[in-house]
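# Overview (structure and organization)
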2 protein chains.
Amino acid sequence: MLKRRFIFHMPLDPGCLLERDAERSADRLGCAAVDFPVAVVLPAGGSGERMGLATPKQFCTILNRPLISFTIQAFERLSWIGTVVVVVAKENHDLMLNIVQKCNHTKAKVVHGGTSRHRSIFSGLQAFSSTTDSLTPKPKVVIIHDAVRPFVEEDLLLKITLAAKEQGASGAIRPLVSTVIATTSEGYLDHSLERAKYRASEMPQGFLYDIIFQAYQRCSEFDFEFGTECLHLALQYCGTNAKLIEGPPTLWKVTYKRDLAAAEAIIKETLSMSACIIAGAEAEAVELAKALQKNLNMMETDVIQCAKESNTEYLSKTRNFIHISTTASNFLGTLDMAKRFEDTDHARLYPVVVVWVQLNMTKQSVDSQKTDELTAFRSLASEVIQGNVLLYGIQIDHTKVPEQWERSVERLTQITVALIRDRNAALTGQLLHA
Amino acid sequence: MLKRRFIFHMPLDPGCLLERDAERSADRLGCAAVDFPVAVVLPAGGSGERMGLATPKQFCTILNRPLISFTIQAFERLSWIGTVVVVVAKENHDLMLNIVQKCNHTKAKVVHGGTSRHRSIFSGLQAFSSTTDSLTPKPKVVIIHDAVRPFVEEDLLLKITLAAKEQGASGAIRPLVSTVIATTSEGYLDHSLERAKYRASEMPQGFLYDIIFQAYQRCSEFDFEFGTECLHLALQYCGTNAKLIEGPPTLWKVTYKRDLAAAEAIIKETLSMSACIIAGAEAEAVELAKALQKNLNMMETDVIQCAKESNTEYLSKTRNFIHISTTASNFLGTLDMAKRFEDTDHARLYPVVVVWVQLNMTKQSVDSQKTDELTAFRSLASEVIQGNVLLYGIQIDHTKVPEQWERSVERLTQITVALIRDRNAALTGQLLHA
């Protein structure tokens, strides 16, 4: 019955959404190739005016977690990366400390920024320069990144780091999306640039710590105020021509409100790539589990018998659980599972979805929903949501009429997929009908 | 009881999402200022490789409608714009004709494109050059746009059109998002451009028809094959320096899969800005309607008594309806409404949401859901979804305990908002519980 498919190779962190194979090989290479200290500076002092939102974009939440936490996590998960220095405006210091604590970002260190992007980066670099602070030893290579580019992959970080070590500086680039044109002072077209010769300069960028620190020590007030490009400073003040490395499209910067929706879609899609179906031992439940698994062909699914200790491995590999039971009161097994998620911290960073499928074997399907039971289910749902577990119920009536059964299983599939993809907190505790 | 708020000023088309006031004044200006024929060419021959999808991006659907239909609609809704020539690859000709018919795009004319973007645009322009075809008279000004930029606003189109009439050519620009750098042939940084002097060239662009047609007649095979910029051709072959006009961020081009998610979010948000609450005459229902209206303060809502003929005006101004009734069988009124939407074509372009709120006055709330009733509701939902009407049900138990009642109304609000915002087809026909 244990039909293992791909579940053990599933990436659960959106940072590894793309290039899975590349990620895995990078993982091995990363630990072997980076035998020197690497740290990160994450300037996050921006006010997000462009976004049209009251909250600076790095603090806007996706699935109840601030965007910047996803970015920190993208670095923190890599064993070869040390401290992540997060530079925030003074007024956001407490907020940021709160995020670090709530999301358990053990590698993060929060410092105050300056009044411009370059001043903030310099503040971040200065956090390392005091040799007496053993918590933040001076790194060999420092990676500078944007707080609002959450999907940076290990593969690229490794390339950036190694190129920085070798060349002194390195930076991610992307092809230009639009033609770049020069304008006259009256607002007319002067000429257009030949697209092939130019690139958009993106983040992350990597530097030998000594080079970028020196560049900032030497640069002018004008640079601090109006400059935007760290690579330019390294070139101008240290004569270092950065090595340029083509990055993937997922590097894009969350700039507008619509970008938040796009980031949310990427994260939700990643979280919806796998599920674990818990079916117990009853023949009808197992049959339904298999039919559901066949229908859920867009997801990588596994069917297991129960959610006991021995299956902890399964339970830690996905954040979606479909619990099939034939007796109405059986959702208490769900309670155990939800408690376990809390204990193991499995729902800290991403909400876990539990869909309780109640397979009705009698004909009195709807009338059998006793008010008390429903109330108990709803109160359980409102309890576990505190621990970031989203609990939904779906009833399905058993029938021996093949056509009718197929239609019901198809509806069950659609509803299950909708609940898992949307992860909508407002619909928890509902008992739907397939 | 008829509390009118902003419902009559609501924009329903995502094209007018932003700059509502500007839109309205442009609307007036548009008809007055444009006293010459204007047409549009929409090259849509792309294969969407960058998107990582099998379907070319212009044919990817949002709420069951292809992206290109939103773009066509953005032009079609303007009275001063005539024919919209859509240029597609030969293999997509039937697909495109199908879309035009299904979405009732009366101004669209479909023609075959060439093997490059410039060849496709030229094909589009040639559709006008035959003077014998009275369906597509030669325009004074032609607007060239991308099929995958659906949110173009009238305000900008008007500026582009008038500048093209006056200067011969005009184009939308945006500030550069990233620093543009020149690279050496070995992949190192050569220098970075001074951001303030350059702009990204976007769409739409406008031209005197005779100028752009002549430019294409004169340009080289190399231009046809590798050129990307119409403004450049007008400059090089006709000596016309285009007037550049700054456009809003919503102009962005749907390029990657994540952009589709962003576009969907914009459309769904726009559709969720207003709702009409139909409450009947019973005191409890009216009371609930008012409480709900107060809670739905993010939306512009209206409470009306019934959905009869005389209220057609209300019914045509929003695509979200909340139907409150105190008797269980009352969802039949919903059926009437759904049929009316079909008759008036109100759900052709955007799905209409109908939330049927069943206010239980008795204590036996859940047991009162008779299986037959539920089955009837579900089959009604699966019927009206064929006409693009999404029907959901929510039960709420009446109580005189203020705290309990407030909590229930709060839950009702959250569920209603979730259903309206998500517009999830898989959840129609469900009877939820507040």
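About the criteria used
- Residues numbered from 1 in each chain as written.
- Chains lettered and ligands numbered in written order.
- Predicted model: local features only at pLDDT ≥ 70, side-chain atom pairs only at ≥ 80, totals over all residues.
- Heavy atoms only, no water.
- UniProt positions renumbered as here; feature names shortened; annotations may be inferred.
- Buried < 20%, exposed > 50% of the residue type's maximum accessible area, 1.4 Å probe, protein only.
- Helix = DSSP H or I, 4+ residues; strand = E, 2+ residues; numbered from the N terminus.
- Salt bridge = Lys/Arg side-chain N within 4 Å of Asp/Glu carboxyl O.
- Axes fitted to C-alpha atoms, helices over the stretch in contact; angles between N-to-C directions.
- Parallel < 35°, antiparallel > 145°, perpendicular 65-115°, else oblique.
- Left-handed = near helix turned anticlockwise from the far one by under 90°.
- Contact = heavy atoms within 4.5 Å.
- Nonpolar A, V, L, I, M, F, W, Y, C, P; charged D, E, K, R; others polar.
- Domains from an automatic or database assignment.
- Buried area = accessible area lost by both parts, 1.4 Å probe.
- Polar contact = N/O pair within 3.5 Å; in protein donor to acceptor, adjacent residues only side chain to side chain.
- Pairing = 2+ DSSP bridges.
- Least-squares fit on C-alpha atoms with pLDDT ≥ 70 in both.
- Phe/Tyr/Trp six-rings, centres within 6.5 Å; stacked < 30°, edge-to-face > 60°.
- Lys NZ or Arg CZ within 6 Å of the ring centre and 35° of its normal.
- Right-handed = clockwise from strand over helix to strand, strands pointing away.
- Core = buried A, V, L, I, M, F, W, Y, C linked by side-chain atoms within 4.5 Å.
- pLDDT = per-residue confidence, 0-100.

Per an unreviewed UniProt entry, chain A carries the name D-ribitol-5-phosphate cytidylyltransferase and comes from Sinocyclocheilus anshuiensis. Per UniProt, the comment on chain A under Sequence similarities (unreviewed entry) is "Belongs to the IspD/TarI cytidylyltransferase family. IspD subfamily."

Attention now goes to helix α2 (residues 67-76) of chain B. Among the 10 residues in α2(B), 10 count as buried, and that is most of the element. Leu67(B), Ile68(B), Ser69(B), Phe70(B), Thr71(B), Ile72(B), Gln73(B), Ala74(B), Phe75(B) and Glu76(B) are the residues of α2(B) that are buried.

Before going further, it helps to examine the pattern of salt bridges. Taken as a whole, this structure holds 22 salt bridges over all chains when the rule is applied. Of the charged contacts in the structure, one is a salt bridge between Lys197(B) and Glu194(B), with a shortest N-O distance of 3.8 Å. The closest approach of N and O atoms between Arg348(B) and Asp345(B), which form a salt bridge, is 2.8 Å. Overall, the relative accessible area of 36% leaves Asp345(B) in the partly exposed class. A single salt-bridge network, built from bridges that share partners, covers Arg117(A), Asp146(A), Arg149(A) and Glu202(A).

Right, let's get into unusual backbone geometry. Residues and elements named next belong to chain A. Cis geometry marks the peptide bond from Met203 to Pro204; its omega dihedral reads 0°. Structurally, Pro204 can be placed in strand β10 (residues 198-208). Positive phi values are uncommon outside glycine, yet Arg423 reaches one of about 50°. With respect to the helices, strands and loops of the structure, Arg423 is situated in the loop between α14 (402-422) and β17 (431-433).

Attention now goes to the packing of helix α4 (residues 117-129) of chain B against helix α6 (residues 209-218) of chain B. All names here are of chain B. At a minimum axis distance of 10 Å, the contact between α4 and α6 shows a crossing angle of 130°. It follows from the interaxial angle that α4 and α6 lie oblique. For the pair α4 and α6, the crossing hand works out as left-handed. Residues His118, Ile121, Phe122, Leu125, Gln126, Phe128 and Ser129 of α4 pack against Tyr209, Ile212, Phe213, Tyr216 and Gln217 of α6. A class-by-class count of the residues in the contact of α4 with α6 yields 8 nonpolar, 4 polar and no charged.

What follows is about the domain arrangement of chain A. All names here are of chain A. Domain parsing of chain A yields domain 1 (21-182 + 190-262) and domain 2 (272-433). When the two sides are added together, the surface that domain 1 and domain 2 hide from each other amounts to roughly 620 Å², 56% of it contributed by carbon and sulfur. In terms of surface lost to domain 2, no three residues of domain 1 exceed Leu63, Arg65 and Gln73, which account for 61% of the buried area on that side. At the junction of domain 1 with domain 2, the criterion picks out 0 salt bridges. Here domain 1 is connected to domain 2 by 3 residue pairs in polar contact (both at pLDDT 80 or more). Elements with a contribution of two residues or more to the side of domain 1 that touches domain 2: α2 (67-76) and α3 (93-102). Taken together, the residues of the side of domain 1 that touches domain 2 break down into 3 nonpolar, 3 polar and 2 charged.

Moving on, we get to the sheet that holds strand β16 (residues 389-397) of chain B. By way of backbone hydrogen bonds, the strands of a sheet pair with one another, either parallel or antiparallel. All names here are of chain B. Strand order in the open sheet formed by 6 strands is β13-β12-β14-β15-β16-β17, with parallel pairing between adjacent strands. Edge positions in the sheet fall to β13 (300-304) and β17 (431-433), since each of these pairs with one other strand and no more. Averaged over all pairs of adjacent strands, the angle between strand axes in this sheet comes to 20°, irrespective of strand direction. Judged from the 3 bridges that link them, strand β12 (residues 274-278) and strand β14 (residues 320-325) form a sheet pairing that is parallel. If you follow Ile278 over to β14, its bridge partner there is His323.

Let us now look at the environment of Thr255(B). With respect to the helices, strands and loops of the structure, Thr255(B) is situated in the loop between β11 (243-246) and α9 (257-271). Between the C-alpha atom of Thr255(B) and that of Thr375(B), which follows or precedes it by 120 residues, the distance is 43 Å.

Superposing chain B onto chain A takes a rotation of 180° plus a shift of 0.0 Å along the axis, which leaves an RMSD of 0.0 Å. What the superposition gives is, in effect, a two-fold axis relating one chain to the other. Ranked by how close their C-alpha atoms come to the rotation axis, the residues of chain B are headed by Ala262(B), at 2.5 Å. The overlap is high: 100% of the interface residues of chain B also sit at the interface in chain A, so the same surface is used on both sides.

Let us now look at the sheet that holds strand β14 (residues 320-325) of chain A. Residue and element names in this part refer to chain A. Spatial strand order, β13-β12-β14-β15-β16-β17: 6 strands in an open sheet with parallel pairing. Single-partner strands in this sheet number two, and they are β13 (300-304) and β17. Looking at each pair of strands side by side, their axes are set apart by 25° on average, direction ignored.

Once that is clear, we can look at the packing of aromatic side chains. Throughout the structure, instances matching the rule amount to 22 aromatic pairs over all chains. Between the aromatic rings of Tyr216(A) and Phe224(A), the centroid separation amounts to 5.9 Å while the plane-to-plane angle is 25°, which identifies the pairing as stacked. By relative accessible area, Tyr216(A) is classed as buried at 1%. Exposure remark for Phe224(A): the relative accessible area of 8% places this residue in the buried category. For the ring pair Phe122(B) and Tyr216(B), a centre distance of 5.5 Å and an interplane angle of 20° mean the geometry is stacked. A residue pair is termed long-range when its members are at least 10 positions apart, and Phe122(B) in helix α4 and Tyr216(B) in helix α6 qualify at 94 residues. Directly above the ring of Tyr350(A) sits Arg65(A), whose terminal nitrogen or CZ lies 4.9 Å from the centroid.

Another point: the interface of chain B and chain A. Counting residues at the interface gives 63 residues for chain B and 63 residues for chain A. A buried area of about 5800 Å², summed over both sides, lies between chain B and chain A, and 53% of it is on carbon and sulfur atoms. Area buried by chain B at its contact with chain A is led by Tyr188(B), Leu189(B) and Arg258(B), which between them contribute 12% of it. For the interface between chain B and chain A, the tally reads 2 salt bridges. In this structure, Glu269(A) engages Lys257(B) in a salt bridge whose closest nitrogen and oxygen atoms are separated by 3.0 Å. Connecting chain B to chain A are 30 residue pairs in polar contact (both at pLDDT 80 or more). Counting residues per element, the side of chain B that touches chain A draws most heavily on α9(B), at 7 residues. Here the side of chain B that touches chain A is built from residues that sort into 29 nonpolar, 18 polar and 16 charged. Taken together, the 4 bridges between β10(A) and strand β8 (residues 179-183) of chain B define a ladder with antiparallel strand orientation.

The side chains of a regular strand alternate between both faces of the sheet. Residues and elements named next belong to chain A. Pairing analysis gives 5 bridges linking strand β4 (residues 84-88) to strand β5 (residues 108-112), with the strands arranged parallel. Looking across to β5, one finds that Val88 is bridged to His112. Each parallel crossover has a hand, and the one from β4 via α3 to β5 is right-handed.

Val86(A), Met96(A), Tyr216(A), Val86(B), Met96(B) and Tyr216(B) are the most contacted members of the largest nonpolar core, which totals 174 residues. In this view, Val86(B) contacts Leu42(B), Ala44(B), Ile68(B), Ile72(B), Met96(B), Ala108(B), Lys109(B), Val110(B) and Val111(B); residues no more than four positions away in its chain are not counted. Ranked by size, the runner-up nonpolar core spans 62 residues in total, among them Leu359(A), Leu419(A), Ala434(A) and Leu390(B).

The next point concerns the confidence of the model for chain A. Residue and element names in this part refer to chain A. In this model, chain A carries a mean pLDDT of 87, and residues with pLDDT of at least 70 account for 86%. Looking across chain A, the model is least confident in helix α1 (residues 20-33), with a mean pLDDT of 58, and most confident in strand β6 (residues 141-144), with 98. Counting contacts from residues 1-23, a segment whose pLDDT is below 50, to residues more than four positions away or on other chains yields 71 contacts. Predicted as a complex, the structure gets a pTM of 0.90 and an ipTM equal to 0.88.

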